[in-house]
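# Analysis of the macromolecular model
Residue-level listing of the chains:
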Amino acid sequence: MKLKIVVIILSLFLGFCSLPAMGQNAHFWDGIEAFDGPTDENPVLAAQLDFYFDKMVAPLPDSITNEIDRLVEKTSFNTDLRDFILWHLLEKYRHPEYMSQDQVFVWLYDHYFSKLEIKDLSAANLALIRNKAESFRRLALFNIAPNFAISDSVDLHSVESEYTVLFFYDHDCDVCHQEMQELDSVCVVHPEITVLAIDMNTDDIRVDALYDLYDIETTPLIYVLDRDKRIMAKKIRARQIPWVTASRF
């Protein structure tokens, strides 16, 4: 609950910081109704979208989705333009800058890709988007982390610790070794943290299942869980862990 309060306060702060740009937001897309240029491989339009959502909109899922709704409504007359915008934003929030923004991808699937006839959206593509959306939905902040067996007799949810860090790594990865050293340093200062390090470069069938369960595309990958195994943070660096745990007052 306290972590949620911290996030709410941070959200209000970010929203307040975005107020000066709100007046500009209202007119940024003026004239887009008259757009008749190409939409395929349009770097100018792509850059405008990135600038707008990175600089002009508060980096909060609700703020972003409200702006997407507004932009889609303005371009509903031109399905090619609308679909270019939706595809670009879907890819943008597939690898978001902030961890909570993956829920924008979920929202795009729920409200548009699962409902509209979108250019170049094949059945196979839709299935991939749906699977990614469900993965993001399952791994949203504050959700209970999916359980898995650590050994034949121990599973994740049975681990007793104030904080649990899941560290997915590859023993052949130099960056993974650097992160592991940083993680060791963090744990020396913070003994309340238990680290579960899982080498993904194995032939273990149970490990293979974790790729989908925890949306592992690259290593190293870190999840920080609280005592109840709720996800406090994900896809961060080891040096950021103390900041995450300190957010629980």
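See the structure printed just above.
Definitions and cut-offs
All residue numbers refer to position in the chain's written sequence, counted from 1. Totals for whole chains, interfaces and linings use every residue, but because this is a predicted model, local features are given only for residues with pLDDT of at least 70 and side-chain atom pairs only at 80 or more, for both listing and counting. Excluding hydrogens and water, the side-chain figures rest on all heavy atoms present in the structure. Secondary structure follows DSSP: runs of H or I at least 4 residues long count as helices, runs of E at least 2 residues long count as strands, and numbering of each begins at the N terminus. Should any heavy atoms of two residues lie within 4.5 Å, those residues are counted as being in contact. Surface accessibility follows the Shrake-Rupley procedure with a 1.4 Å probe radius. Residue values consider only the protein chains on display as shielding. To obtain each axis, a line is fitted to C-alpha atoms, and for helices this fit is confined to the stretch in contact; angles are then taken between N-to-C directions over 0 to 180 degrees. Throughout, a crossing is termed right-handed when the near helix is turned clockwise from the far one, and left-handed when it is turned anticlockwise from it by less than a right angle. Gly is placed with the polar residues, together with every amino acid not listed as nonpolar (Ala, Val, Leu, Ile, Met, Phe, Trp, Tyr, Cys and Pro) or charged (Asp, Glu, Lys and Arg). Remark: nonpolar core denotes a set of buried residues (Ala, Val, Leu, Ile, Met, Phe, Trp, Tyr, Cys) joined through side-chain atoms within 4.5 Å. Exposed residues in this analysis have more than 50% of their type's maximum accessible area, buried residues have under 20%, and partly exposed residues fall in between, with area computed by a 1.4 Å probe over protein chains only. Here, a strand pair is defined by DSSP locating no fewer than two bridges between the strands.

## Some details on the overall build of the protein chain
When you go through the protein chain residue by residue, the secondary structure sums to 11 helices and four strands. A sequence separation of at least 24 residues applies to 67% of the contacts in the protein chain between residues at least 6 apart. For the protein chain, the accessible surface area stands at approximately 13,600 Å², while carbon and sulfur atoms represent 56% of it.

## Considerations on the packing of helix H4 (residues 61-74) against helix H6 (residues 102-113)
Running from amino to carboxyl end, H4 crosses H6 at an angle of 35 degrees, the nearest separation of the two axes being 10 Å. In terms of crossing hand, the pair formed by H4 and H6 is right-handed. Residues Pro61, Ile64, Thr65, Ile68, Asp69 and Val72 of H4 form the contact with H6, whose own contacting residues are Val104, Trp107, Leu108 and Tyr112. Looking at the contact of H4 with H6 residue by residue, the classes come out as eight nonpolar, one polar and one charged.

## Here we look at the nonpolar core
The biggest cluster of nonpolar side chains holds 32 residues, and the ones touching the most others in it are Leu49, Phe53, Ile68, Leu108, Tyr112 and Phe113. If one sorts the elements of this core by residue count, H6 sits on top with eight residues. Among the nonpolar cores identified, the runner-up in size contains 19 residues, and Leu141, Val159, Phe168 and Leu225 belong to it.

## What about the sheet that holds strand E4 (residues 231-234)?
Read from one edge to the other, the open sheet built from four strands follows the order E2-E1-E3-E4, with strand pairing classed as mixed. Looking at which strands have only one partner, the edges of the open sheet turn out to be strand E2 (193-199) and E4. With strand direction ignored, the average angle separating the axes of adjacent strands in the sheet is 20 degrees. Relative to the sheet, helix H8 (residues 174-189) contacts strand E1 (163-169), E2 and strand E3 (221-225), its axis offset from that of E1 by approximately 165 degrees.

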